[in-house]
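# Secondary and tertiary structure notes
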There are 2 protein chains.
Amino acid sequence: MSPKICFIGAGNLATQLSKVFQKEGFCISQIYSRSEKSAKLLADKLNTDYCTAIKDLNAGADIYFVALKDSALDEVLTQIGFTNKLVVHCSGSLPLSILEKYSDNSGVFYPLQTFSKNRDVDFSSIPIFIESSLVANEKILLEFAEKISNSVSILDSERRKLLHISAVFASNFVNHFYTISSEILKSKEIPFDVLKPLILETALKVKEMEPEKGQTGPAVRFDENVISAHLNELEYFKDYQELYKLISKSIFEHHSKLK
Amino acid sequence: MSPKICFIGAGNLATQLSKVFQKEGFCISQIYSRSEKSAKLLADKLNTDYCTAIKDLNAGADIYFVALKDSALDEVLTQIGFTNKLVVHCSGSLPLSILEKYSDNSGVFYPLQTFSKNRDVDFSSIPIFIESSLVANEKILLEFAEKISNSVSILDSERRKLLHISAVFASNFVNHFYTISSEILKSKEIPFDVLKPLILETALKVKEMEPEKGQTGPAVRFDENVISAHLNELEYFKDYQELYKLISKSIFEHHSKLK
C-alpha cells in the first residue's frame, strides 16, 4: 500500500511538493495550516482533508513533511504528540538536529528550487538533498526523492546551509534585481518585455560558461564614465543607487583579483 | 551591391554583430582595434582586413559601427577624418549627440543583450534600439536592424540610458551573483551545477509572472531566523555579507510597501 503523507504547511513548497507526490501515486492524507484559507485551497486541489489545529493532525500517516517558514517551525512542532513517526523538514537553513527533540525518526528533504503556488515545475530536474541520522530513514527518504527527481544526493546540515545561501544569491536576489529593473523601466514607460531575451540569455550562458568568465558590463570593464553616468541617473532611485555602487565595486574587485 | 561595413572595435559586441551581419550577406570591409591581437582574431574569423591605427581606416565604407568601451570613444573618434559618412555607436549609455561633433551623419544602434566572443547568440529575438536625428539615416538603420532582428524600435537617448541601467541590474549584476554563489559553493566543494535548474527556473518564471509576484526566499517572508543565520555564516565572506544585508533590506522594504 502506498505510504500516507501528511503536510504541515500549505505554502509554495508544500503546494508543489504535495502535488507532485500525489501525481506519482502517493497518498496525501491531510494538510495542516494555521491559515484556513491556505489549508483549504491546497486540500481542495488534492481532494483531501485539512486541519488548522495541530491537535487535529492525523496520527496515522507514515511520514510528515514540515514545510513551514523556519521561524514558525519550533512553535508548531512542540505541539506534535507522536514521537515515533518519520518527521522531515524541507528547510535549507535549519539543521537536522532541530527535529531530533521532537521525534525519534527525523530527516531533511530539501528540493533546491524557487516555488510559487500557481506555477508548476518539472521536479525531475530539481536537485533534492537528503539527510537523516538513521540509515533506515535515509533509505526511505532517498526512495521518496528518487520517485520524483533524477538528481538526489545526501548532504549534511552544514553544507546545506551554505547551499541555501548560494541559492538566495542566485535566485532570490536575482529575482529582486528583475523587480528593480522593471521598476526603473516603468519610470520611462518602457515595457519590461524588452529585457526578457537578455534575462534568459544571462541564465543560459551560465550553463556552459563559468559565470566569472561570462561577466560583461561597465563594472568589469571599469568603464568609469558609464558608471558615474548611471549613478547620476539613479539619483531618483536612492536605494538602488547605493546597491549599484556596492555591486559595481564588488564586480570590479573580484575581477581585479583574477587579472 | 551590398553596403560595406567597417567595425571600429573588436570586442564582444563587435565580434557578434559583425558575424551576424556577414551571415546576412553584408560586406564587412575592415576591422579596427588598438589591440592587434583582437583586430586580427576578428578579421580572421570574417576573412577580412584589419588595422590598428585610425589613419589606416578605409574611407570607402558606407557605414561605420563604433563598438568601443565608452571611455575610449572620444579619443578614437577625434582622429576620424571623414565627416560625411554614416557613423553609429552601439552604446546604451552614450547620447546620440556625442557623435554629432564628428559626423554630419550619425546614429545609434543598440542591441540589448550580453555578448561574449565565444558564445553565438540568436539575433532574431534580440531587441535593437535605433536613434538618428535625420529621417534618412533612421531609415537606413532600421533596415540594417530588421535584417537581423524581429524586434526593432526607435528610442531616444534619455530612455536608452535608463534601459541600459535596467539591463545592468537584470544581467550584469545577476551574473555577478551567479559568480558569488559559485564561490560560496566552492568553499564547501559543492559543484555549481546543482544551482543550474534553479537559475534557469528563476529566469523562466519572469517570462510569465511579474518579478515582484514571483519573489521567494527568507527576505520576502521576513524570516529573521534564516537571515541572521545566513549573516552569521557569511562572516567568512565579509563583502558578500554586506551585500546580503543591503539586498535583503531592499527586498523587505519593497514588499512591505506592496502589502
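Residues numbered from 1 in each chain as written. Chains lettered and ligands numbered in written order. Predicted model: local features only at pLDDT ≥ 70, side-chain atom pairs only at ≥ 80, totals over all residues. Heavy atoms only, no water.

### What to know about the overall build of chain A
Scanning chain A from N- to C-terminus turns up 10 helices and eight strands. Expressed along its principal axes, the backbone C-alpha trace of chain A runs to roughly 65 × 40 × 30 Å. Taken across its 259 residues, chain A has 59% of its residues classed as buried. Within chain A, counting contacts between residues at least 6 apart in sequence, those at least 24 apart form 52% of the total. (Helix = DSSP H or I, 4+ residues; strand = E, 2+ residues; numbered from the N terminus. Buried < 20%, exposed > 50% of the residue type's maximum accessible area, 1.4 Å probe, protein only. Contact = heavy atoms within 4.5 Å.)

### Structural notes on the interface of chain B and chain A
Contact with chain B, which involves 93 residues of that partner, is made by 93 residues of chain A. Taken together, the links from chain B to chain A amount to seven salt bridges. Put simply, B:K161 and A:E233 hold a salt bridge, and the shortest N to O gap is 3.3 Å. At the junction of chain B and chain A, the tally comes to 46 residue pairs in polar contact (both at pLDDT 80 or more). Of all elements in the fold, only α3 (70-77), α6 (157-186), α7 (196-208), α8 (218-221), α9 (224-233) and α10 (238-258) of chain B reach the threshold of two or more residues within the side of chain B that touches chain A. The element contributing the most residues to the side of chain B that touches chain A is α6(B), with 28 residues. For the side of chain B that touches chain A, the class distribution of residues is 43 nonpolar, 27 polar and 23 charged. (Salt bridge = Lys/Arg side-chain N within 4 Å of Asp/Glu carboxyl O. Polar contact = N/O pair within 3.5 Å; in protein donor to acceptor, adjacent residues only side chain to side chain. Nonpolar A, V, L, I, M, F, W, Y, C, P; charged D, E, K, R; others polar.)

### Quick notes on the sheet that holds strand β5 (residues 86-89) of chain A
Residues and elements named next belong to chain A. What the eight strands build is an open sheet, ordered β3-β2-β1-β4-β5-β6-β7-β8; its pairing is mixed. Each of the sheet's edge strands pairs with one partner strand only, and the pair in question is β3 (49-51) and β8 (152-154). Strand-to-strand twist in this sheet, taken as the mean axis angle between neighbours without regard to direction, amounts to 25 degrees. Where strand β7 (residues 128-131) and β8 come together, three bridges link them in parallel fashion. Bridging from a neighbouring strand, I130 pairs with I154 of β8. (Pairing = 2+ DSSP bridges. Axes fitted to C-alpha atoms, helices over the stretch in contact; angles between N-to-C directions.)

### Some remarks on the relation of the copies chain B and chain A
One copy of the chain maps onto the other through a rotation about an axis followed by a shift along the same axis. Once chain B is rotated about the relating axis by 180 degrees and shifted along it by 0.0 Å, it coincides with chain A to within an RMSD of 0.0 Å. Both copies of the chain, as the preceding transformation shows, are related through a two-fold rotation axis. Taking C-alpha positions as reference, the residue of chain B nearest the rotation axis is B:V174, located at 2.7 Å. The residues that chain B uses at the interface reappear at the interface of chain A in 100% of cases, marking a shared surface. (Least-squares fit on C-alpha atoms with pLDDT ≥ 70 in both.)

### Focus: the packing of aromatic side chains
A ring pair, where both rings are aromatic, is described by two values, the distance of the centres and the angle of the planes. In the structure shown here, the tally under the stated rule is 36 aromatic pairs over all chains. Each ring, one from A:Y240 and one from B:F169, has its centre 6.5 Å from the other, and the planes form 65 degrees; the classification is edge-to-face. Here A:Y240, found in helix α10 (residues 238-258), pairs with B:F169, found in helix α6, and the two come from separate chains. Residue class for A:Y240 comes out buried when judged on its relative accessible area of 8%. (Phe/Tyr/Trp six-rings, centres within 6.5 Å; stacked < 30°, edge-to-face > 60°.)

### Comments concerning helix α5 (residues 135-148) of chain A
All names here are of chain A. If you check α5, its first and last C-alpha atoms are 20 Å apart, about what 14 residues at 1.5 Å a residue would give, namely 20 Å. Listed as buried for α5 are N137, E138, L141, F144, A145 and I148. The arc enclosing the buried residues of α5, seen along the axis, measures out at 125 degrees, which places them on a common side. In this structure, α5 carries V135, A136, K139 and E146 as exposed residues pointing more than 90 degrees from its buried face. (Expected span 1.5 Å × (residues − 1). Arc of directions from axis to C-beta.)

### As for the side chain of A:Q215
Assignment of secondary structure puts A:Q215 in the loop between α7 (196-208) and α8 (218-221). Reaching out from A:Q215, the side chain makes a polar contact with the backbone oxygen of B:N172 at a distance of 2.9 Å. Polar side-chain contacts of A:Q215 include one of 2.9 Å to the side chain of B:N175.

### Considerations on helix α1 (residues 12-23) of chain A
Residue and element names in this part refer to chain A. Here α1 is 12 residues long and its end C-alpha atoms lie 17 Å apart, about the 16 Å a rise of 1.5 Å per residue gives. Residues of α1 that are buried include every one of L13, A14, T15, Q16, L17, S18, V20 and F21, and no others. Tucked inside the fold, the buried residues of α1 contact β1 (4-8), β2 (27-32), α2 (36-46), β4 (63-66), β6 (105-111) and α5. Positive backbone phi, approximately 95 degrees, marks G25, located one or two places after α1.

### Structural notes on the confidence of the model for chain A
Detailed conclusions should not be drawn from predicted coordinates in areas where pLDDT is low. Residues and elements named next belong to chain A. For chain A, mean pLDDT is 94; residues scoring 70 or higher make up 99% of the total. Taking the mean pLDDT of every element in chain A, the minimum, 85, falls on helix α3 (residues 70-77) and the maximum, 98, on β7. In the predicted complex, the global pTM is 0.94; the interface-specific ipTM is 0.95. (pLDDT = per-residue confidence, 0-100.)

### Points about the pattern of salt bridges
Tallied over the full model, the rule gives 31 salt bridges over all chains. Here B:E208 and A:R119 are joined by a salt bridge, their closest N and O atoms 3.1 Å apart. Taken together, the positions of B:E208 in helix α7 and A:R119 in the loop between β6 and β7 put the pair across two chains. On the basis of relative accessible area, B:E208 is assigned to the exposed category, the value being 67%. Its relative accessible area of 12% is what places A:R119 among the buried residues. We note a salt bridge from A:K238 to A:E235, for which the minimum N-O separation is 2.9 Å. Exposure remark for A:E235: the relative accessible area of 39% places this residue in the partly exposed category.

### As for the packing of helix α6 (residues 157-186) of chain A against α10(B)
Their axes nearest at 11 Å, the elements α6(A) and α10(B) cross at an angle of 50 degrees. By the angle class used here, α6(A) and α10(B) are oblique. Of the two elements, α6(A) crosses α10(B), and the hand of that crossing is left-handed. In this structure, α6(A) uses A:V168, A:F169, A:N172, A:F173, A:H176, A:F177, A:T179 and A:E183 to contact α10(B), whose residues at the interface are B:Y240, B:L243, B:Y244, B:I247, B:S248, B:S250, B:I251 and B:H254. (Parallel < 35°, antiparallel > 145°, perpendicular 65-115°, else oblique. Left-handed = near helix turned anticlockwise from the far one by under 90°.)

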